[in-house]
Amino acid sequence: MIAFPDLPDPLSHHIRRSLEARIERLLSRPVVAIVPRPEPSRGDGERERPATPGSAIFDALCDEAARHAPRGAMDENAAIWKTEDSDGDEDGSVHVSVKFDYGGTDRGREKEIIEELQAVVRDEGQVVLLTAEHAKMLREHPRAFVELDARPEAVQLLRFEKQWHGSVERVVGLELAQGPRNPASIAAIAVVPNLVQLERQLDALDAIERSGVDGPLAPLRALIGLEAEMPEAAERAPSDITPAEGELLDEHQRSCVAAAIGTDHFAVVHGPPGAGKTTVIGSIIRRLVDRGERVLVVSPTHVAIDNVVEKLTELEDRADDVHPATLPVRFATRPNRLSPRAQMYWSSRTSQTREHAIERRVEAILRANVHGASELFDRVPDDDTTTGALTKALAEQQAVICGTPIGILSHDSVANAAPGTFDTLIIDEVSKLTVPEFLGVAVKARRWVLVGDPQQLPPFCDAEECAWTLRDVMPPELELVCSVGAVLERKKPHQRQQTRLVVVSRSPDAVADAILGHANESAMDGMPCIGTLRDAPHRISSGVLVCKPDEVDSALERFTDDAGVLIEIGLESKVAISDDRLVDGVSRAGARIFETSFNTYHAQPWEAIARQKLSLVRFRKGLAKCLPTQNAIDKLGLDMTRPHIVQDIADRLLANSVSVYDLLLGLPDVAHFDATPMVELASRTPQELCRRVRPFTGVLKKQYRMHSSLSRLPRRLFYGGEALLDGRTDEDVFAGVRLIQVDRPDGTPHESNEAEVEAISRLLEQVSSLQKPDEGAKIMVLTAYREQERMIARAIENLELGSAPITVESCTLDSCQGREADYVLLSLVRNKPTPFFDNPKRWNVALTRAKRGLFIVGDIDAYLKDAQKRKSDAKCRGEWPLMSLLSRVIADLHAHSGEPR
Amino acid sequence: MMPDHNDDRDNAMTRADAEEWCMLECINREDSGAADVAKRLGVAKASEQAIEHLLERLLDQGLLERDGISIRVGTTGTERLQSLLGQPSA
């Protein structure tokens, strides 16, 4: 009898589990602030209510009574909501003092709440006003609360007020756009978790799982492992197209357009920087619309999608063209983040500017073509608000719908569309989208054109958030043991022995045994003593003590000095402990696995191309201490095996931190990796997936953005010389790279550098004083750090550009993808390399934004010295140099650009 | 059949009226299908779908009448044109 090996769960299983875990995480920690009531006056019915069997009825009656309270009581409650009229404007906004629930145990909760509120204010989001019943429901049954039919009142949060409490800053007041309709009934204010995106991704997964093997979603079923075979598909893409009149496409661009319009399922276009992705997308859209298709165009960044809108509408001034492809809809909740041109095509659920843009074009066409139309339109008053019948008919045509995955699905015409409604989905910058994010919108189409560059920025991976997706893979005790491994692994061996850690578990004996077994199997040196409370009858100076939740105080007292506390997942509420003692989420095993794997995945394959070692990749060796060992599994008596768990972890990495581009054809060769779980991830049979899904593929090999002096290094470092080839011969001699030395004064903070800001200001002043600057030149100032970017933005604001036709903008490295500028100034800030800088994809993006000039500003000498030393050390050893990518980049640029000045 | 150009407010016209008049004027000159109207309006062939959609709407309103496969301005449409322009439609 033949034994079949266990088949791994399909990717769909891991996507579903991951989405459910993320929803659970959002619901587990709602941000709720109590609105303190005034001291109860006698007989006002607001005394604390005893929890008796009949209290629900009493509560309900009290709430109803509060809604119809006598005026005196109402006034007392209303006084909490103070009208904000300090500046003399009575705009209806109110201030309310609040007290947030910090839970007493969570370290860093204050910071999290501030960040959450900042996001709400920044995105002009809303908070909800809760009755006492609502607040109780949100805490105890968050899922039921989120699904309430009768939604609590929501108001816009304008800003918030903070105060220092000891060493932490806490939010003490909120300013809202308006007060509550019924102040007396409001007991709390909350930022309610927004589950819409995750639920849409789950809905998409449901739709794919329900769909038939012959239905329009069959290719998506194959992609996520639900089908072993695809429906019939052509084996080879057509290789060329005939360009339309006036259409300038090179041979690679034509071949990519041919693949995209020729596929029955998937087409994947690899588009390095400046290779004309937007031109190709525009060309694809026009051809699809011409054959009567409806097209969704999506990108995770506003910049990329605006570029497409601008490309489609660049013929706007030609009054004889009202073509569906040039009348895209740009869906977004608000227009303020869109480019001026894209704003003309903006539409949200409640308002739009697109109709006016169409109206103008229709008027121009009618004036030019219909006898007497000009006289008629001259009679239309400026304040006329009617929409013409023809404008309306054209506006209703939505052949091309553009937006981010979130923006596009916030519009009913897409959100409510049945699966497979749209003919083609084109996704730009698909390398930034994970598979679940892709599925959320992919389910609306029946063919998929994925455009991206795996050498540019990957999906965003919040390691702590992703760690939740491992909760059903590693049982709590096992996660606890691995987290002890993660904590100890971070310490150097001589410090490890001095560790003071209290570990809280339901089963201290088994967990203590498992920690020992785990340490032995993962070969960790310099281990401290490990045991339960019984093993340490006297005071100890170091060690790992495992105890039950009610023994924490005793365990802490055993140590002669302060000890950290690590709590088993699920026991957090049973342990009251001060925030600064807790081991936080980012230091636990799950987050460490995600963070290290993510960094290794994106950096390690690059080492072989560049013949250099990155310090970032060396951290992978620590992964073994964070992953479950068979010893720990056995000691805990779990019916599991290490290979299965590790494969599940690899699949969760695949579902949460790898782009859909990589899944289809970009997973690095397994030979690049030497550590678990990267080996398992890369060996998840990508060839098998490719055979199953058979995407048509194309590569845009030539670039048209950068001067040849700028493309040389990224071409060699990031594309192995095979892409980013110069598409045109440049005669321009006023172009190139310059390194500008700015000494870094002692005491300069880590994430900002005033000296560099001053140097950049001087450079910009030089440009602004030019009598005859380049026509319409655009300058972009880049930096890796937000604080530095803020300082640069302020300097730009103070710059007097006069009448010079120059635009200057600042941007962080992580948000500049998709942008370009004539000149880029790059502020380094630090003079010592950090692992954060070692991401090759981040540097590829930074080095490929400039068209004519790249000016790197910082302590160049420090990086040159570092590179020189590392290279000579490596030469002695006959190895690849171990140095930071930034040192390498600066050394290579310096070798071709002369001495820094 | 052109209206007198006049800045007088009483002679003002809404944008909706102006667009509608242009459509009717196109059809009034010659019995047309959507393709003909699109051509006469000067809009791209690919916008025929929008024109067709609009013609359907005007047919529903009784402003246009279908005559076999072609379309002509109906009695209501003629009256509408007359009221807009203050003179008989040609």
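Keep in mind that what you see is a predicted model, and the values were worked out from it rather than measured.

Draft legend 1. Region of interest: the pattern of salt bridges. One pass over the full model with this rule turns up 46 salt bridges over all chains. As a salt-bridge pair, A:Arg16 and A:Glu209 come within 2.8 Å of each other at their nearest N and O atoms. Remark: A:Glu209 occurs in helix α7 (residues 196-210) and A:Arg16 occurs in helix α1 (residues 11-28); sequence separation between them is 193 residues. Given a relative accessible area of 18%, A:Arg16 falls into the buried group. Given the relative accessible area of 31%, A:Glu209 is considered partly exposed. We note a salt bridge from A:Glu396 to B:Arg57, for which the minimum N-O separation is 3.3 Å. Of the two residues, A:Glu396 is situated in helix α15 (residues 389-396) and B:Arg57 in helix α3 (residues 48-60); the pairing between them involves two chains. Linked by salt bridges that have partners in common, A:Glu359, A:Glu363, A:Arg367, A:Asp378 and B:Arg15 make up one network.

Draft legend 2. Local environment of the side chain of A:Thr301. Tracing the chain through its elements places A:Thr301 in the loop between β10 (295-298) and α11 (302-312). Engagement of the side chain of A:Thr301 in a polar contact is seen with the side chain of A:Glu429, the distance being 3.0 Å.

Draft legend 3. Inspection of the sheet that holds β10(A) at higher detail. Residues and elements named next belong to chain A. With respect to topology, eight strands assemble into an open sheet ordered β12-β11-β13-β10-β14-β15-β9-β20, the strand pairing being parallel. Among the strands making up the open sheet, the edge pair consists of β12 (346-347) and β20 (696-699). Where helix α9 (residues 251-262) meets the sheet, its contacts fall on β9 (266-270), β15 (445-452) and β20, and the angle it forms with β20 comes to roughly 160°.

Draft legend 4. Inspection of the interface of chain B and chain A at higher detail. Contacts between the two partners involve 35 residues from chain B and, on the opposite side, 35 residues from chain A. Interface area, chain B with chain A, both sides summed: about 3000 Å², of which 62% is carbon and sulfur. Linking chain B with chain A are three salt bridges, by the criterion used here. The partner of B:Arg15 in a salt bridge is A:Glu359, and the shortest N-O contact between them spans 3.5 Å. When residues of the side of chain B that touches chain A are traced back to their parent elements, those giving at least two are α1 (15-29), α2 (34-41), α3 and α4 (75-85) of chain B. With ten residues, α1(B) is the largest single contributor of residues to the side of chain B that touches chain A.

Draft legend 5. Here's a closer look at the confidence of the model for chain B. All names here are of chain B. Looking at chain B, the pLDDT average stands at 75 and 76% of residues meet or exceed 70. Note on residues 1-7: pLDDT under 50 across the span, and 21 contacts to partners over four residues away in sequence or across chains. The complex model carries a pTM of 0.86, and its ipTM stands at 0.84.

Draft legend 6. Examining the nonpolar core more closely. Residues and elements named next belong to chain A. Leu-425 and Phe-438 are the most contacted members of the largest nonpolar core, which has 111 residues in total. If one sorts the elements of this core by residue count, helix α20 (residues 476-489) sits on top with eight residues. What Phe-438 contacts, discounting residues up to four positions off in sequence, is Leu-220, Leu-223, Phe-266, Leu-425, Ile-427, Leu-433, Trp-448, Leu-450 and Val-660. In this structure, Trp-843, Val-845, Ile-860 and Met-883 belong to the second largest nonpolar core, which totals 48 residues.

Draft legend 7. Region of the structure containing the pairing of strand β8 (residues 188-191) of chain A. All names here are of chain A. Every second residue of β8 is oriented toward a common face, with Ala-188 and Ala-190 on one face and Ile-189 and Val-191 on the other, all of them buried. The pairing of strand β1 (residues 31-34) with β8 spans four bridges and is antiparallel. Bridging across to β8, Ala-33 finds its partner in Ile-189. Relative to β8, strand β5 (residues 126-130) is paired through three bridges, and the arrangement is antiparallel. By the bridge assignment, Val-128 is partnered in β8 with Ala-190.

Draft legend 8. Geometry of the sheet that holds strand β16 (residues 500-504) of chain A. Residues and elements named next belong to chain A. Pairing in this open sheet of four strands is parallel, and the strands run β17-β18-β16-β19 from one edge to the other. Looking along the sheet, the strands with just one partner apiece sit at the ends: β17 (530-532) and β19 (564-567). Ignoring which end each strand starts from, the neighbouring axes of this sheet average 25° apart. When β16 meets strand β18 (residues 543-547), the two strands line up parallel, connected through five bridges. Bridging from a neighbouring strand, Leu-501 pairs with Val-544 of β18. Along the sheet, α20 contacts β16, β18 and β19; its crossing angle with β16, the most-contacted strand, is approximately 165°. On the sheet, helix α22 (residues 508-521) packs against β16, β17 and β18 and is oriented at approximately 175° with respect to β17.

Cut-offs applied
- Residues numbered from 1 in each chain as written.
- Chains lettered and ligands numbered in written order.
- Predicted model: local features only at pLDDT ≥ 70, side-chain atom pairs only at ≥ 80, totals over all residues.
- Heavy atoms only, no water.
- Salt bridge = Lys/Arg side-chain N within 4 Å of Asp/Glu carboxyl O.
- Helix = DSSP H or I, 4+ residues; strand = E, 2+ residues; numbered from the N terminus.
- Buried < 20%, exposed > 50% of the residue type's maximum accessible area, 1.4 Å probe, protein only.
- Polar contact = N/O pair within 3.5 Å; in protein donor to acceptor, adjacent residues only side chain to side chain.
- Pairing = 2+ DSSP bridges.
- Contact = heavy atoms within 4.5 Å.
- Axes fitted to C-alpha atoms, helices over the stretch in contact; angles between N-to-C directions.
- Buried area = accessible area lost by both parts, 1.4 Å probe.
- pLDDT = per-residue confidence, 0-100.
- Core = buried A, V, L, I, M, F, W, Y, C linked by side-chain atoms within 4.5 Å.

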